[in-house]
Amino acid sequence: MQVRSADAAEIDRLARLWHDGWHQTHASLVPQELIRLRTPESFCERLQAAFPNVHVAGPIGAPIGFYVLEGDELSQLFVSPEAHGSGVAAALISDAEARLAEHGVETAWLACAIGNDRAARFYEKSGWRLSGTVVNPAETSSGPFPLEVWRYEKRLTLST
Ligand SMILES: CC(C)(COP(=O)(O)OP(=O)(O)OC[C@H]1O[C@@H](n2cnc3c(N)ncnc32)[C@H](O)[C@@H]1OP(=O)(O)O)[C@@H](O)C(=O)NCCC(=O)NCCS
């Protein structure tokens, strides 16, 4: 599975994939106030802001998953439901780890919503370890929204 840079023409498709996946997974896990702030437009705006750091699996115009990097953080990883369990997520996270390592990151981290058990299991089987529960400000149009999350970390090597 090849992972490529996002194409500007597919921002709307990616934003829909992210919006739908986020709401399906997070609706029962985070405060209602945050759910109200996560509008379709908000995902589009955040993707546009992150654009050079968005990496995608699937054909241009028909993405099936993506990740976003922010410094030493794997800040988003979403795969469309029909591709769950297919190995697409493994290809994306392995590409993300290689890219982070190439950028000199020794220990990468990510935030996972508390109770997102499928994602947690996926990270653990991919070699990431739970380092604890921390407050991580979620970006919103109303400013940072403090949210308790599981923090996962992984030591990287250039051959990861
Ligand atoms: C998180 C995500 C990228 C993982 O990709 P995936 O293709 O679903 O991952 P896999 O199927 O390879 O692995 C999931 C594992 O969780 C297990 N699992 C499934 N449901 C589970 C649950 N409710 N509780 C615990 N484990 C669960 C699966 O059996 C599998 O483990 P196994 O391979 O040992 O059997 C994908 O599910 C996704 O995009 N989810 C929605 C968005 C999301 O939550 N992103 C992460 C934000 S932090």
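Because the structure is predicted, anything quoted here is derived from the model rather than measured.

### Some points on the pairing of strand S5 (residues 107-113)
With 5 of 7 residues buried, S5 lies mostly within the body of the structure. Here S5 pairs with strand S7 (residues 145-155) via 7 bridges, running antiparallel. Bridging from a neighbouring strand, Ala-108 pairs with Lys-154 of S7.

### Focus: the packing of aromatic side chains
Evaluation of the coordinates by the stated rule reveals 8 aromatic pairs. Plain terms: the ring middles of Trp-18 and Phe-78 are 6.3 Å apart, the flat faces sit at 55 degrees to each other, and that makes the pair tilted. Residue Trp-18 is found in helix H1 (residues 11-26), and its partner Phe-78 is found in strand S4 (residues 73-79); the two are separated by 60 residues along the sequence. You'll find Trp-18 and Phe-78 in the same group, each marked buried. Taken together, a centroid distance of 6.1 Å and an interplanar angle of 55 degrees make the contact between Trp-22 and Phe-43 tilted. Taken as a pair, Trp-22 in helix H1 and Phe-43 in helix H3 (residues 40-50) lie far apart in primary sequence, 21 residues in all. The same class applies to Trp-22 and to Phe-43, which are both buried. Connected via pairs of aromatic rings, a cluster forms that spans Trp-18, Trp-22, Phe-43, Phe-66 and Phe-78. Just above the ring of Trp-22 sits the side chain of Arg-38; from NZ or CZ to the centre is 5.8 Å.

### Some words on the site of the ligand
Taken together, 17 residues lie around the ligand, and Gly-85, Asn-116, Arg-118, Arg-121 and Lys-125 are the ones closest in. Within the contact set of the ligand, an oxygen atom lies 2.7 Å away from a side-chain nitrogen or oxygen of Arg-121. Starting from 950 Å² of accessible surface for the ligand in isolation, the protein chains cover 71%. Class assignment of the residues belonging to the shell around the ligand gives a composition of 9 nonpolar, 4 polar and 4 charged.

### Some remarks on the layout of surface pockets
Estimates place the volume of the second largest pocket at around 200 Å³. Contributing to the lining of the second largest pocket are Arg-13, Arg-16, Leu-17, Asp-20, Gly-21, Gln-24, Ala-62, Pro-63, Ile-64, Ser-80, Pro-81 and Glu-82. Residues belonging to the lining of the second largest pocket are distributed by class as follows: 5 nonpolar, 3 polar and 4 charged.

Criteria and cut-off values
Residues numbered from 1 in each chain as written. Predicted model: local features only at pLDDT ≥ 70, side-chain atom pairs only at ≥ 80, totals over all residues. Heavy atoms only, no water. Buried < 20%, exposed > 50% of the residue type's maximum accessible area, 1.4 Å probe, protein only. Helix = DSSP H or I, 4+ residues; strand = E, 2+ residues; numbered from the N terminus. Pairing = 2+ DSSP bridges. Phe/Tyr/Trp six-rings, centres within 6.5 Å; stacked < 30°, edge-to-face > 60°. Lys NZ or Arg CZ within 6 Å of the ring centre and 35° of its normal. Near = heavy atom within 4 Å. Polar contact = N/O pair within 3.5 Å; in protein donor to acceptor, adjacent residues only side chain to side chain. Areas by Shrake-Rupley, 256 points an atom, 1.4 Å probe, with all protein chains shown as cover. Nonpolar A, V, L, I, M, F, W, Y, C, P; charged D, E, K, R; others polar. 1 Å grid on protein atoms, 1.4 Å probe; cavity = no way out; pocket = protein on both sides within 12 Å on 5 of 7 lines; lining within 4 Å. Points joined across faces, edges and corners; volume = space filled by probe spheres on them.

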